[in-house]
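Structural features, examined
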Amino acid sequence: MVAASGKADLVLHEGLVLGHPGTDSVAISGGLIVAHGKFADLKPFVGPQTHLVKLAGRVVAPGFIDSHIHFREAAAAATGLSVARCRTVGDLLGDLRLTAGKTPPGNWLRAFGCDEALMLEKRGPTRAELDHSTPKNPLRLRHQTLHATWLNSRAIALLGLEAPDFTPPYGANMIRDAAGKLTGLVVGMETWLSDHLPLVTAAESESRARIMSREMAANGVTAFTDATTRNGPVEVEQFAKLAQSNAICQRVALMIGGQHLDLVDQCEQLARAAGISLAGAKFMPGFQYDPAGLSRPVRRALERGLDCAFHVTEIEELEEALAAIESAKSQYSAKHEMPRFRIEHGGIITPDYIDRLMAANVWVVTNPGFIYFRGPKYADDPGLIAHLYRARSLKEANVHLVGATDAPVTPARPFAAIAAAVNRATIDGVELAPAEALSMPDAFALFTTEAARLARLDAGVIAVDRLADLIVMPRDPFTLAPADLMNLTVDITIVAGRVVYERGRPATASSDTADLRSS
């Protein structure tokens, strides 16, 4: 909608507009794109209050929509100790030792990013090694997949895990050595651990969110979906406060865990008041939502109009998810349009499942960045490589396909994921299932047009009356080789017509207006 004056709020001019050859400018008003074309033709939209940003040949493109991340975990990793770069246990322990030396005794250490499969030794740290490196601080070292944690002895003692009367939560696996002693590695206890560690203050939570949101904006992300299974009313309220305070500058959608279906009304009310949306219900195959399996809670979610998402990295999880989807669809009787079904990750999809995915009209939210950042882990299992994070075969079968980074499991860098979708190369240059590679336009669509369709956002493309969620880049991504695309920078990020990031300008320059730069 153009302002009453008929003038635009912001005009990006004299560059290249992706998807519109011969067009060099975009006019924005009221958070929407109101025109695009030659700058000479857009002059009627320019008034005394219009902010002009001269592109000088730079490229305007739709902003990226990251369809599956874990925002608070990513924010904690971005502002804490990340050991994701470590490829030996010795390097990891050294980083922990340095951080512990700067931390007051008794304070919790939180670290993230260890994966034994990516270590040279093919193992994680032992309890004794952690105790030696962090002798005066309780330590939680989270696995890079977010599904496991290493604890040192101080942490184990504070949490009471070795108390005679301790009862592990459902689904937990506390790994023990031959003598029956805890090794420090616990699996399936992430929610329990988060609930029992000292709470992060509201001020710290907001600070983390601002840093993470800016990092995402610097990588061109204008909207995201948080797919954390533990999300319920408490988490929705926390996100609502962060959105209302502008600590998060992106458009926010949240999934709620399948265990919170009785609290949907409360979650929806909190989300609506803050201008964020509920993206559906998230289910973990194998989790005890209902003694009869997933079908009944999935039907309950559908009756409430919620999309249903399923964590799927293994074939067994895919089978359970599809069985629940097929059963729920066959018994669906609500009057409203059937919500959507989402397979999150789709780590392994064998050919016999592709037709079932298409027949069930399922959306697969894939993680091509896993090929690059975590590729060495998969290269050791050649029998699975052909079925790993499929892309082209799903597109050719008309399965809906969308991309996500799964941050912090991989960095929130859509360009890196897009490059990996094109060349299917690992961080050390090994190709994995090159037959599944996508063309550059199809890979770009994973985070733009297709992601917008899944999110039901009028975004993902530059067109009149679409949301003005845009990015400005120094080069045309479609002309770059994947290796160059991997490191392409974003100069400006715009959400709802407001500049939320400009490269080289400090965060303190953020403004509710679009006037970070005019020329």
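The residue numbering used here restarts from 1 in each chain and proceeds along that chain's sequence as written. Totals for whole chains, interfaces and linings use all residues, but because this is a predicted model, local features are given only for residues with pLDDT of at least 70 and pairs of side-chain atoms are given and counted only at 80 or more. For side-chain calculations, the full set of non-hydrogen atoms in the structure is used, while hydrogens and water are omitted.

1. Quick look at the overall build of the protein
Definition in use: The helix count covers DSSP runs of H or I at least four residues long, the strand count covers runs of E at least two residues long, and both are numbered beginning at the N terminus. Each radius of gyration reported is based on C-alpha atoms, and the globular scaling rule is 2.2 Å times the count of residues to the power 0.38. Only protein chains enter the area calculation, which uses a 1.4 Å probe; residues under 20% of their type maximum are buried, those over 50% are exposed, and those in between are partly exposed. Any two residues whose heavy atoms approach within 4.5 Å are treated as being in contact. The method behind every accessible area is Shrake-Rupley, applied with a 1.4 Å probe, and residues are considered shielded solely by the protein chains displayed. None of His or the chain ends enter the tally, which takes Lys and Arg as positive and Asp and Glu as negative. The atoms used to mark charge sites are NZ of Lys, CZ of Arg, CG of Asp and CD of Glu.
Check the secondary structure of the protein and you find 20 helices and 23 strands. The C-alpha radius of gyration computed for the protein amounts to 23 Å, which stays within 12% of the reference 24 Å derived for 519 residues, consistent with globular compactness. Principal axes of the C-alpha set define a box for the protein whose edges measure 80 × 55 × 45 Å. Counting the 519 residues in the protein, one finds 55% classified as buried. A sequence separation of at least 24 residues applies to 72% of the contacts in the protein between residues at least 6 apart. On the protein, roughly 21300 Å² of surface is accessible, and the fraction owed to carbon and sulfur atoms is 53%. When the 52 basic and 58 acidic side-chain charges of the protein are each reduced to a single mean position, those positions are 4 Å apart.

2. Digging into the sheet that holds strand β20 (residues 400–403)
Formally: Whether two strands pair depends on DSSP finding at least two bridges between them. The angle between two axes is taken between their N-to-C directions and runs from 0 to 180 degrees, where each axis is a line fitted to C-alpha atoms and a helix contributes only its stretch in contact.
Taking strand neighbours across the sheet as the criterion, the eight strands line up as β7-β14-β15-β16-β17-β18-β19-β20 in an open arrangement whose pairing is parallel. Two strands bound the open sheet, and with one partner strand each, they are β7 (64–69) and β20. For this sheet the average axis-to-axis angle between neighbouring strands, irrespective of direction, equals 25°. Bridge count for strand β16 (residues 277–283) against strand β17 (residues 308–312) is three bridges, and the pairing is parallel. The residue of β17 that forms the bridge with A281 is C308.

3. What to know about the side chain of H70
In plain terms, the rule: In the analysis that follows, any N or O atom pair within 3.5 Å is treated as a polar contact, provided that within protein one partner can donate a hydrogen and the other can accept it, and provided that, for residues neighboring in sequence, both atoms belong to side chains.
Checked against the element boundaries, H70 lands in the loop between β7 and α2 (71–79). Relative accessible area serves as the criterion here: at 11%, H70 is assigned to the buried category. Side chain to side chain, H70 and H68 meet in a polar contact 3.3 Å long. Apart from residues no more than four positions distant in its own chain, H70 is found in contact with L146, D226, A227, T228, D406, A407 and P408.

4. Details of the confidence of the model for the protein
Which entries qualify depends on this criterion: As a per-residue measure, pLDDT tells how confident the predictor is, with possible values from 0 to 100.
When the pLDDT values of the protein are averaged, the result is 93; 97% of them are 70 or greater. For the stretch residues 509–519, pLDDT sits under 50, and the model shows 27 contacts to residues farther than four places along the chain or on other chains.

5. Comments concerning the pattern of salt bridges
Selection criterion: By definition here, a salt bridge exists when the distance from a side-chain nitrogen of Lys or Arg to a carboxyl oxygen of Asp or Glu is within 4 Å.
Under the criterion given, the structure shown has 24 salt bridges. Two residues, E162 and R127, come together in a salt bridge whose shortest N-O distance is 2.9 Å. Highlighted residues: E162 in the loop between α5 (153–159) and β12 (173–176) and R127 in helix α4 (residues 127–133), separated in sequence by 35 residues. With a shortest N-O distance of 2.6 Å, D469 and R251 are connected by a salt bridge.

6. Quick word on helix α17 (residues 414–423)
Burial within α17 is extensive, with eight of its ten residues counted as buried. For α17, every residue scored as buried is listed here: P414, F415, A416, A417, I418, A419, A420 and A421. Positioned one or two residues after α17, R424 has a phi angle of 50°, which is positive.

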